[in-house]
Amino acid sequence: MADTTDLSFAELTADHLHDVLPIERESFKDPWSLASFRNFIVLYRTSWVAMRDNRVVGYLVTQWVLDEIHILNVAVHKFERRKGVASFLLDSLFERAVAHKMADVYLEVRESNESARALYARYGFAELGIRKSYYHDGEDALVMHRRVRKSDR
Ligand SMILES: CC(C)(COP(=O)(O)OP(=O)(O)OC[C@H]1O[C@@H](n2cnc3c(N)ncnc32)[C@H](O)[C@@H]1OP(=O)(O)O)[C@@H](O)C(=O)NCCC(=O)NCCS
């Protein structure tokens, strides 16, 4: 099990975006723009960063609608992967989900994204279905779902 005791969890704010943008660009073929992040964090306060030594090492962007959480974006700095950062972010999210009595978590993931699919499978997400040609390059998305459990706190 990775040691994540040196990580801290904080709300993603405009001050973090200079660290977030390079991670976003190296992580995705269709990265969110600076404006997309800015607009989102102004509207919703449901995005978080994992920090180590005052630097952002990963982030998680979610949208909360009624009792459902939608994971819109999650990425970890390429030199910080396989050290438990995404797991730390998901654990912190589920802890909050229990505290706020949320029921379900949904996400989409590229069919070819084996690392993310392995992460979500480990967290007990199940495949609900496929959104055909969901991404700009025509790739399908898998829709995944997991119930929030009282034991997630
Ligand atoms: C997917 C991603 C967020 C995982 O972040 P991470 O911090 O490396 O994940 P963790 O260290 O918490 O991994 C937890 C578990 O997930 C699985 N996993 C993560 N990366 C994996 C990989 N490359 N191959 C196989 N399994 C992997 C493993 O079960 C891992 O546990 P282990 O390291 O003990 O074997 C990261 O690879 C990333 O930023 N990718 C690019 C952006 C992206 O694809 N985001 C998801 C969009 S849906």
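The notes below deal with the structure included here. (Residues numbered from 1 in each chain as written. Predicted model: local features only at pLDDT ≥ 70, side-chain atom pairs only at ≥ 80, totals over all residues. Heavy atoms only, no water.)

1. Describing helix 3 (residues 85-99)
In plain terms, the rule: Secondary structure elements follow DSSP: runs of H or I of four or more residues count as helices, runs of E of two or more count as strands, with numbering from the N terminus. Multiplying one less than the number of residues by 1.5 Å gives the expected span of a helix. For every residue, the accessible area obtained with a 1.4 Å probe (protein chains only) is divided by the maximum for its type, and the residue is called buried under 20%, exposed over 50%, and partly exposed between those limits.
Between its first and last C-alpha, helix 3 extends 21 Å over 15 residues, near the 21 Å set by a 1.5 Å rise per residue. Within the span of helix 3, buried status applies to Val85, Ala86, Ser87, Phe88, Leu89, Leu90, Ser92, Leu93, Phe94, Ala97 and Val98. Residue Lys101 follows helix 3 closely and has a positive phi angle near 55 degrees.

2. Notes on the environment of Ala121
Tracing the chain through its elements places Ala121 in helix 4 (residues 114-122). Owing to a relative accessible area of 48%, Ala121 belongs among the partly exposed residues under this scheme. With 104 residues separating them along the chain, Ala121 and Leu17 place their C-alpha atoms 29 Å apart.

3. Topic: the pairing of strand 7 (residues 141-147)
Our working rule: We call two strands paired when DSSP finds no fewer than two bridges between them.
Of all seven residues making up strand 7, six are buried, and the element is well covered by its neighbours. Pairing geometry for strand 6 (residues 126-131) and strand 7, over five bridges, is antiparallel. Among the inter-strand pairings, Glu127 is bridged to a residue of strand 7, identified as Met144.

4. Examining the site of the ligand
Our working rule: One heavy atom within 4 Å of a molecule or strand is enough for the residue carrying it to be called near that molecule or strand. For this analysis, a polar contact is any N or O atom pair within 3.5 Å, provided that within protein one partner can donate a hydrogen and the other can accept it, and provided that sequence-adjacent residues contribute only side-chain to side-chain pairs. All accessible areas in this document rest on Shrake-Rupley with a 1.4 Å probe, and a residue is counted as covered only by the protein chains that are shown.
Around the ligand, the surrounding shell holds 21 residues, and the nearest of these are Val74, Arg82, Ser87, Asn113 and Arg122. Take Val85: an N or O atom from its main chain is 3.5 Å from an oxygen atom of the ligand. Against a free-state accessible area of 920 Å², the protein chains account for coverage of 77% of the ligand. Of all the secondary structure elements, the ones that give two or more residues to the shell around the ligand are strand 4 (68-76), helix 3, strand 5 (104-110) and helix 4.

5. A closer look at the packing of helix 1 (residues 17-27) against helix 2 (residues 34-43)
Between two packed helices, both the angle of their axes relative to each other and the distance between the axes serve to describe the pair. The condition that has to hold: Between the N-to-C directions of two axes lies an angle of 0 to 180 degrees, each axis being a line fitted to C-alpha atoms and, for a helix, fitted only over the stretch in contact. For classification purposes, angles smaller than 35 degrees are called roughly parallel, those larger than 145 roughly antiparallel, those between 65 and 115 roughly perpendicular, and all remaining angles oblique. Here a crossing is called left-handed whenever its near helix is offset anticlockwise from the far helix by less than a right angle, and right-handed whenever the offset is clockwise. Here, two residues are considered to be in contact whenever any of their heavy atoms come within 4.5 Å of each other. Just so you know the grouping, Ala, Val, Leu, Ile, Met, Phe, Trp, Tyr, Cys and Pro go in nonpolar, Asp, Glu, Lys and Arg go in charged, and all remaining residues, Gly too, go in polar.
At their nearest, the axes of helix 1 and helix 2 sit 10 Å apart, and the two run at 130 degrees to each other. Taken as axis vectors, helix 1 and helix 2 run oblique relative to one another. Of the two possible hands of crossing, helix 1 and helix 2 adopt the one that is right-handed. Contacts between helix 1 and helix 2 pair Leu17, Val20, Leu21 and Glu24 from the former with Leu34, Phe37, Arg38 and Ile41 from the latter. Tallied by class, the residues present in the contact of helix 1 with helix 2 amount to six nonpolar, no polar and two charged.

6. So, the sheet that holds strand 1 (residues 8-11)
Strand pairing within a sheet occurs via backbone hydrogen bonds; the two strands may be parallel or antiparallel. Spatial strand order, 1-2-3-4-5-7-6: seven strands in an open sheet with mixed pairing. Edge positions in the open sheet fall to strand 1 and strand 6, since each of these has one partner strand only. When the angles between neighbouring strand axes are averaged without regard to direction, this sheet yields 30 degrees. Here strand 5 runs beside strand 7; their pairing, made up of seven bridges, is antiparallel. Residue pairing in the sheet places Leu107 in a bridge with Met144 of strand 7. The sheet strands contacting helix 3 are strand 1, strand 2 (47-52), strand 3 (55-65), strand 4, strand 5 and strand 7, and the helix crosses strand 3 at an angle near 35 degrees.

7. Re the pattern of salt bridges
As a reminder, the rule being used: Salt bridges are defined by distance alone: a side-chain nitrogen of Lys or Arg within 4 Å of a carboxyl oxygen of Asp or Glu.
Under the counting rule described, the total for this entry stands at 14 salt bridges. As a salt-bridge pair, Arg110 and Asp137 come within 2.9 Å of each other at their nearest N and O atoms. With Arg110 in strand 5 and Asp137 in the loop between strand 6 and strand 7, this residue pair connects regions lying 27 residues apart in the sequence. Residue classification places Arg110 among the buried residues on the basis of a relative accessible area of 12%. A salt bridge links Asp152 to Arg146, with the nearest nitrogen and oxygen atoms 2.9 Å apart. You'll find Asp152 and Arg146 in the same group, each marked buried. When salt bridges that share partners are traced, they join Lys29, Asp30, Arg110, Asp137 and Glu139 into one network.

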